[in-house]
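The residues making up each chain are set out below.
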Number of protein chains: 2
Amino acid sequence: MTATLHAFAESGNAYKCALAMRLAGMAFEVAFVPFFQGGARTPEFRALNVMGEVPVLVHDGRVLSQSAVILRHVARRTGKLAGSDEDEVLRWLFWDNHKLSTQIGTTRFLMNFLAPDKRPEAVIPFQQGRLKAAYAVLNDHLSARDWVEGTAPSIADLSLCGYLYYPEPFGFARTDWPAIDAWLGRIAALPGWAHPYDLLPRAFPAQGEPT
Amino acid sequence: MTATLHAFAESGNAYKCALAMRLAGMAFEVAFVPFFQGGARTPEFRALNVMGEVPVLVHDGRVLSQSAVILRHVARRTGKLAGSDEDEVLRWLFWDNHKLSTQIGTTRFLMNFLAPDKRPEAVIPFQQGRLKAAYAVLNDHLSARDWVEGTAPSIADLSLCGYLYYPEPFGFARTDWPAIDAWLGRIAALPGWAHPYDLLPRAFPAQGEPT
């Protein structure tokens, strides 16, 4: 059975998984989630994932959620992108989830996808300050190496880069972080790489009435 | 070699790991990190963990960081608390890191461990709103089951409960979430359970001058 990824393009967590499958040569179909019309809050979606979050991968009777779990599934199935040291790959996947991607996701949402009159303005610089510390950790780590773990691209790289190609402003400029900038260039040069907005259907702005 | 956990009691992420080792019967020593005196920012600590975060476990020549990686190591070594479905355990470990423990850690820090004149007041209700959604997901999940994954306590339970026994206010009341309340009671009834402030040395308030 072909895998089905429940996804939309603005979700960096969905993009990570789509990119991994593309780079690893694993076929998948996309089930579009109209996120900005409440597509992750419907009873049908909650039945698929009680966490109410995108992405979800349905494959061979398994329903997988949390991007890192899906990334590990892709690596296991294809024998590609697993990295060389499982604990070290997991360490960066967890760091990404608790310090980088999650904070970017929130900050970018507040700055770009929320109506300006609903925006909690004071939260944005606070989040950006925390993110600056995270960018510094990643930039330092990448200063002396080409890939996050080992000597080849792995799901750790794909997780960490997931929100860093988007054009919407959230306080990150590649030119401020030369080692991150060069690494994003290396990832984008991998055969099969695609930008999130070329790989998945966009959900913003929402069309029609909220569901 | 006995494992050494670099830790302090106010860190729920350190507590998770200490509690897992205690419940699994794995001996460990504590290397106290004077966090509020900058103990996680020293060159020596950064050499141990470039992420500048507690906990770190040093065991048999391995240096492990990120609480979930340490929890998995404990389960592997002791054959206990691993859960029955690795992907499902990981799913909740990732959700904890990106939606629950990280947000509590920040909110509790702002409300209790930061000088009031430095407190970004507007951030606190924003974080509490996000946390309320997370408590609802966990409470729903636990409404029809005793443990987060499978039919026995696992590292998923220990990760998710890590910040929920602390006495300092951060906007969480057990009485608001009956299924979480009952589950916290079940965990606290496990043989060997200890409260974080009885299991690890406290770092707050900092004694003496900042390092």
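Refer to the preceding data block for the structure.
In this report, we go over the structure that sits alongside the text.

## So, the overall build of chain A
- Helix and strand counts for chain A stand at 8 helices and 4 strands.
- Mapped in sequence order, the helices and strands of chain A form the string β-α-β-α-β-β-α-α-α-α-α-α.
- Taking 17 Å as the expected radius of gyration for a compact globule of 211 residues, we find that chain A reaches 17 Å, a close match to that expectation.
- When its C-alpha atoms are laid out on the principal axes, chain A stretches across 50 × 45 × 25 Å.
- Across the 211 residues of chain A, 57% fall into the buried class.
- In chain A, of all internal contacts separated by at least 6 residues, the share reaching a separation of at least 24 is 72%.
- If you sum the accessible surface of chain A, you get close to 8500 Å²; carbon and sulfur atoms cover 54% of it.
- For chain A, the distance from the average position of its 20 positive side-chain charges to the average position of its 21 negative side-chain charges is 2 Å.

## A closer look at the sheet that holds strand β3 (residues 56-59) of chain A
All names here are of chain A.
- Spatially, 4 strands are ordered β2-β1-β3-β4 in an open sheet, and the strand pairing comes out mixed. The open sheet terminates on both sides in strands that have one partner only, identified here as β2 (28-32) and β4 (62-65). In this sheet, neighbouring strand axes are inclined to one another by 20 degrees on average, regardless of whether the strands run parallel or antiparallel.
- Where β3 lies against β4, 4 bridges are found, and the strand directions are antiparallel.

## Describing helix α4 (residues 86-113) of chain B
Residues and elements named next belong to chain B.
- A rise of 1.5 Å per residue sets the reference length of α4, with its 28 residues, at 40 Å; its end C-alpha atoms lie only 36 Å apart and thus fall more than 12% short of the reference.
- Where α4 bends most, the angle comes to about 50 degrees, and this point is D96.
- The buried count for α4 comes to 23 of 28 residues, which makes it a mostly enclosed element.
- With a side-chain oxygen lying 3.0 Å from the backbone nitrogen of D87, the N-terminal cap of α4 falls on D85.

## Observations regarding the pairing of strand β2 (residues 28-32) of chain B
All names here are of chain B.
- Of the pairings in the sheet, the one linking strand β1 (residues 3-7) to β2 comprises 5 bridges and is parallel in character. Within β2, the residue paired with T4 across the bridge is E29.
- The parallel pair β1 and β2, bridged by helix α1 (residues 12-24), forms a crossover whose chirality is right-handed.

## Regarding the sheet that holds strand β4 (residues 62-65) of chain B
Residue and element names in this part refer to chain B.
- Strands sit in the order β2-β1-β3-β4 across an open sheet of 4 strands; the sheet is mixed. Each end of this open sheet is capped by a strand with a single partner; those strands are β2 and β4. Neighbour-to-neighbour, the strand axes of this sheet turn through a mean angle of 20 degrees, independent of strand direction.
- Here α1 sits on the sheet in contact with β1, β2 and β3 (56-59), set at roughly 150 degrees to β1.

## Some words on the pattern of salt bridges
- For the coordinates displayed, the defined rule picks out 26 salt bridges over all chains.
- A salt bridge links D96(B) to K16(B); the nearest nitrogen and oxygen atoms lie 2.9 Å apart. Highlighted residues: D96(B) in helix α4 and K16(B) in helix α1, separated in sequence by 80 residues.
- Look at D96(B) and you get buried, because its relative accessible area is 0%.
- Ionic pairing is found between R108(B) and E168(B), a salt bridge with its closest N-O pair at 3.0 Å. Taken as a pair, R108(B) in helix α4 and E168(B) in the loop between α6 (155-160) and α7 (178-188) lie far apart in primary sequence, 60 residues in all. Of the two residues, R108(B) and E168(B), neither departs from the other in class, the shared state being buried.
- Bridged by salt links that share partners, the residues R62(A), R76(A), D85(B) and D87(B) form one connected network.

## Quick look at the environment of T151(A)
All names here are of chain A.
- Its place among the elements puts T151 in the loop between α5 (123-143) and α6 (155-160).
- A relative accessible area of 80% means that T151 is categorised as exposed.
- Between the C-alpha atom of T151 and that of S84, which follows or precedes it by 67 residues, the distance is 8.4 Å.

## Let's talk about the interface of chain A and chain B
- At the interface, 36 residues of chain A touch 36 residues of chain B.
- Interface area for chain A against chain B, summed over the two sides, is near 3300 Å², with a carbon-plus-sulfur share of 58%.
- Between R62(B) and D87(A) there is a salt bridge; the shortest N-O distance is 3.2 Å.
- The interface formed by chain A and chain B holds 22 residue pairs in polar contact (both at pLDDT 80 or more) in total.
- Those elements that place two or more of their residues in the side of chain A that touches chain B are β4, α3 (67-78), α4 (86-113) and α5 of chain A.
- At 15 residues, α4(A) tops the list of elements feeding residues into the side of chain A that touches chain B.
- Residue composition of the side of chain A that touches chain B, by class: 16 nonpolar, 9 polar and 11 charged.

## Some details on the nonpolar core
- Within the largest apolar cluster, 141 residues are counted, with the highest numbers of intra-cluster contacts made by W183(A) and W183(B).
- Dropping the residues within four chain positions of it, W183(A) is found in contact with L138(A), L142(A), D146(A), W147(A), V148(A), D157(A), L160(A), C161(A) and L164(A).
- In terms of nonpolar packing, the next biggest core, distinct from the first, is built from 5 residues, L110(A), V123(A), I124(A) and F126(B) among them.

## A few points about the relation of the copies chain A and chain B
- Of the two same-sequence chains, chain A is brought onto chain B (RMSD 0.0 Å, axial shift 0.0 Å) by a rotation of 180 degrees. Those values place the two copies in the arrangement expected of a two-fold rotation axis.
- Interface residue correspondence from chain A to chain B reaches 100%, placing this contact among same-surface, isologous pairings.

Definitions and limits used
Residues numbered from 1 in each chain as written. Chains lettered and ligands numbered in written order. Predicted model: local features only at pLDDT ≥ 70, side-chain atom pairs only at ≥ 80, totals over all residues. Heavy atoms only, no water. Helix = DSSP H or I, 4+ residues; strand = E, 2+ residues; numbered from the N terminus. Rg over C-alpha atoms; globule rule 2.2 N^0.38 Å. Buried < 20%, exposed > 50% of the residue type's maximum accessible area, 1.4 Å probe, protein only. Contact = heavy atoms within 4.5 Å. Areas by Shrake-Rupley, 256 points an atom, 1.4 Å probe, with all protein chains shown as cover. Lys, Arg positive; Asp, Glu negative; His and termini not counted. Charge placed at Lys NZ, Arg CZ, Asp CG, Glu CD. Pairing = 2+ DSSP bridges. Axes fitted to C-alpha atoms, helices over the stretch in contact; angles between N-to-C directions. Expected span 1.5 Å × (residues − 1). Bend = angle between axes of the 7 residues up to and from the residue. Polar contact = N/O pair within 3.5 Å; in protein donor to acceptor, adjacent residues only side chain to side chain. Right-handed = clockwise from strand over helix to strand, strands pointing away. Salt bridge = Lys/Arg side-chain N within 4 Å of Asp/Glu carboxyl O. Buried area = accessible area lost by both parts, 1.4 Å probe. Nonpolar A, V, L, I, M, F, W, Y, C, P; charged D, E, K, R; others polar. Core = buried A, V, L, I, M, F, W, Y, C linked by side-chain atoms within 4.5 Å. Least-squares fit on C-alpha atoms with pLDDT ≥ 70 in both.

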